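The residues making up each chain are set out below.
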Amino acid sequence: MPATARATATKTTLPIYQQLAGVLEEMIQSKSLRPGDRMPSVRQFSRQQGVSIPTAMSAYASLETRGLIEARPKSGFFVRLRESDLVRNPWSQSKISKITDFANLDPLHSIMADHSNPKFVPLGAGLPSASLLPGLKLARLMGSIARRLPSAGLDYDIAPGSEMLRRELARRSLDWGCHLKAEDFIITNGGTEAVSLALRAVTEPGDTVIVETPTYFGFSNILRELRLKALPIPIDATTGIDIDALGTALKTNRVAAAILIPNFHNPMGCLMPDDHKKEVATLLAEQGIPIIEDDIYGDLRHSGARPRCLKAFDPDGSVLLCSTFSKVLAPGYRVGYIAPGRYRDRIHKLKDTSTMANATLPTLAVAEFVKHGGYDRHLRHLQHAFSHQVQRMREAIVQTFPENIGLSRPQGNFLLWCELPKQVDSLELFKRARAANISVAPGPLFSSDGGYKNFIRINCGHPWTPTIERSIGILGHLVHQLAR
Ligand SMILES: Cc1ncc(COP(=O)(O)O)c(C=O)c1O
């Protein structure tokens, strides 16, 4: 067992057998241990790790229950080849599309509304289950802060926003490969406000903005409202934006900005490697094009180290880094932030005239949680849960959907992007699934020109239940029907 893996194991506060299972899982996910490889014997593993045989056995049992390894009579344990390991990646576009306006698609509102309606199985909106979020702890923190503050938190928290939170963000920015200071941040009402302020700071109505295709549907809403046009650039299912296509598009188009999700893309799940991040940051900086980086999923790697932000390679302050605590702590608290580089003054002014201030108590509760509340421990639990849920969902989809589908392999976040057979109209699937009280996100929401008709995005943010399992069965049945 490599020393680094052992170090990771000893840092966490999970029971020892789970820590060890996590280390082995990391090795399986990263293909250090490949399908078909023999695992060290339980005795050998217990000796290597300095733990008892029952502890080593429990670690193996936990991996076996989760379908990651299997016992073969008289031969020991082997890494299992799962059906979902064989499924191909979803198709990704290779041609550069034309500049377009984003269409206004009806399903968007119902997807967001259906998430809070207990009648629906929430596979549509990209949100974690509240059961995985520290709701009670945050509420207690908010109560105790209100009691401590002289005016019970009734004051405005005007821009740039809570200094305590900005200091915590500065400290954490070292993990992102950045060296940001508290004064580099402005706190926002969630990630949506951060992205919206960034776009307003660097564009004028009528401008063209580079987007990835597919991309997060929230961007389309903002672009449309700001009367901006989209220039969609293809992305690779594993490494993110196609740098050659980006270079080609820049030769023939005037572009005001680019908006990218380099870490665990929504909906594709891909992770841009560091050398690509550097190349993209340099290429766009050379042409004077600011990059709006959305790093909302950066903390949600399933295993291994947190990836760096593209901002870590920002040569001249032209990357506006946006993020939020919506996917890890509390979407309803609306606490996000932006590190706008050289656009800081402009963003500050825009913030003053858009929402002026943030909700004081939720912001302080988030700041205290990040500072003293075991944020890293919480992240580890989330990473573990999401990795497990995504894997369960992949297995269930592969077992019930038609054979020729493509399925993303996210290394982080809790979203799956699924390519269905060509004949399947995902807007029709969305309607039929909704009639069966199942919410899913149809592919065209992630496109600027109604593309991805036979794609859906599936939210895996909820712990696995028989209801979810049944819903995937129903979805599979509907997909088979529509594929005929
Ligand atoms: C990529 C991306 N950016 C921004 C947001 C919105 O964040 P917030 O809810 O904090 O506004 C989301 C939510 O799904 C997202 O996926």
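Owing to the predicted nature of the structure, the values given are computational and were not obtained by experimental measurement.

Draft legend 1. Fine view of the packing of helix 14 (residues 375-400) against helix 16 (residues 466-483). Contact geometry of helix 14 with helix 16 gives a least axis separation of 9 Å together with a crossing angle of 35 degrees. Here helix 14 and helix 16 pass one another in a crossing that is right-handed. Of the residues in helix 16, those in contact with Arg392, Met393, Ala396, Ile397 and Thr400 of helix 14 are Ile468, Glu469, Ile472, Gly473, Gly476 and His480. Residue composition of the contact of helix 14 with helix 16, by class: five nonpolar, four polar and two charged.

Draft legend 2. Here's a closer look at helix 13 (residues 360-372). The end-to-end C-alpha distance of helix 13, which contains 13 residues, comes to 18 Å, matching closely the 18 Å that a straight helix rising 1.5 Å per residue would cover. Summarising burial for helix 13: 10 of the 13 residues are buried, a large majority. Residues Thr360, Pro362, Thr363, Leu364, Ala365, Val366, Ala367, Glu368, Phe369 and Val370 constitute the buried set of helix 13. Positive backbone phi, at 80 degrees, marks Gly374, one or two positions downstream of helix 13.

Draft legend 3. Spatial organisation of the side chain of Ser439. With respect to the helices and strands, the residue Ser439 is situated in strand 16 (residues 438-442). Accessibility expressed as a relative area gives 2% for Ser439, which makes it buried. Dropping the residues within four chain positions of it, Ser439 is found in contact with Ile111, Asp114, Phe120, Val121, Pro122, Leu123 and Gly124.

Draft legend 4. Seen up close, the site of the ligand. In the vicinity of the ligand lie 13 residues, with Thr192, Asp294, Ser326, Lys327 and Arg334 positioned nearest. Gly191 places a polar main-chain atom, nitrogen or oxygen, 2.7 Å from an oxygen atom of the ligand. At 2.7 Å from an oxygen atom of the ligand is found a side-chain nitrogen or oxygen belonging to Arg334. A total of 400 Å² of accessible area belongs to the ligand in isolation, and the protein chains cover 91% of it. When residues of the shell around the ligand are assigned to their parent elements, the largest contribution, three residues, is made by helix 8 (residues 190-202).

Draft legend 5. Structural context of the packing of aromatic side chains. Inspection of the entire model under this criterion finds 17 aromatic pairs. Judged by centre distance (5.8 Å) and plane angle (70 degrees), the ring pair of Phe185 and Tyr337 falls under edge-to-face. Of this pair, Phe185 sits in the loop between helix 7 (163-172) and strand 5 (186-189) while Tyr337 sits in strand 12 (residues 335-339), placing them 152 residues apart in sequence. Under the relative-accessibility criterion, Phe185 is labelled buried at 0%. When the centroid spacing of 5.9 Å and the interplanar angle of 80 degrees are considered together, the rings of Tyr297 and Phe414 count as edge-to-face. Pair noted here: Tyr297 is in the loop between strand 10 (291-294) and strand 11 (319-324) and Phe414 is in the loop between strand 14 (406-407) and strand 15 (415-419), with a separation of 117 residues, a long-range link. Linked through ring pairs, Tyr216, Phe217, Phe219, Trp417, Phe446, Tyr452 and Phe455 together constitute an aromatic cluster. Taking the ring centre of Phe78 as reference, the NZ or CZ of Arg72 above it sits at 4.0 Å.

Draft legend 6. Structural view of the pattern of salt bridges. Within this structure, the stated rule accounts for 15 salt bridges. Residue Glu70 is joined to Arg72 by a salt bridge in which the shortest nitrogen-to-oxygen separation is 3.4 Å. In this structure, Arg306 and Asp299 form a salt bridge, with 2.7 Å as the shortest nitrogen-oxygen distance. Classification of Asp299 as buried rests on a relative accessible area of 15%. Linked by salt bridges that have partners in common, Asp274, Lys277 and Arg308 make up one network.

Draft legend 7. View of the UniProt feature "domain: HTH gntR-type" (unreviewed entry) in the chain. In this structure's numbering, the residues bearing the UniProt feature "domain: HTH gntR-type" (unreviewed entry) are residues 14-82. Taken end to end, residues 14-82 is 51% helix and 12% strand, and its two terminal C-alpha atoms sit 26 Å from one another.

Draft legend 8. Structural context of the sheet that holds strand 5. Taken in spatial order, the eight strands make up an open sheet running 5-12-11-10-9-6-7-8, and their pairing is mixed. Edge strands, defined here as strands with exactly one partner in the open sheet, are strand 5 and strand 8 (240-241). Relative to strand 8, strand 7 (residues 229-236) runs antiparallel, the two being bridged by two bridges. Of the residues in strand 8, the one forming a bridge with Asp236 is Gly240.

Draft legend 9. Geometry of unusual backbone geometry. The omega torsion of the bond from Ala159 to Pro160 falls at 10 degrees, within 30 degrees of zero and hence cis. Tracing the backbone shows Pro160 in the loop between strand 4 (157-158) and helix 7. Here the phi dihedral of Asn437 falls at roughly 65 degrees; this positive angle occurs in a residue that is not glycine. On the secondary structure map, Asn437 appears in the loop between helix 15 (426-435) and strand 16.

Draft legend 10. Spotlight on the packing of helix 15 against helix 16. Contact geometry for helix 15 and helix 16: axes closest at 10 Å, N-to-C directions at 140 degrees. Judged on the interaxial angle alone, helix 16 and helix 15 are oblique. Relative to helix 16, the crossing made by helix 15 is right-handed. Residues Glu428, Leu429, Arg432 and Ala433 of helix 15 lie in contact with helix 16, whose contacting residues are Leu475, Leu478, Val479, Gln481 and Leu482. Looking at side-chain class alone, the contact of helix 15 with helix 16 contains six nonpolar, one polar and two charged residues.

Analysis parameters
- Residues numbered from 1 in each chain as written.
- Predicted model: local features only at pLDDT ≥ 70, side-chain atom pairs only at ≥ 80, totals over all residues.
- Heavy atoms only, no water.
- Axes fitted to C-alpha atoms, helices over the stretch in contact; angles between N-to-C directions.
- Helix = DSSP H or I, 4+ residues; strand = E, 2+ residues; numbered from the N terminus.
- Left-handed = near helix turned anticlockwise from the far one by under 90°.
- Contact = heavy atoms within 4.5 Å.
- Nonpolar A, V, L, I, M, F, W, Y, C, P; charged D, E, K, R; others polar.
- Expected span 1.5 Å × (residues − 1).
- Buried < 20%, exposed > 50% of the residue type's maximum accessible area, 1.4 Å probe, protein only.
- Near = heavy atom within 4 Å.
- Polar contact = N/O pair within 3.5 Å; in protein donor to acceptor, adjacent residues only side chain to side chain.
- Areas by Shrake-Rupley, 256 points an atom, 1.4 Å probe, with all protein chains shown as cover.
- Phe/Tyr/Trp six-rings, centres within 6.5 Å; stacked < 30°, edge-to-face > 60°.
- Lys NZ or Arg CZ within 6 Å of the ring centre and 35° of its normal.
- Salt bridge = Lys/Arg side-chain N within 4 Å of Asp/Glu carboxyl O.
- UniProt positions renumbered as here; feature names shortened; annotations may be inferred.
- Pairing = 2+ DSSP bridges.
- Parallel < 35°, antiparallel > 145°, perpendicular 65-115°, else oblique.

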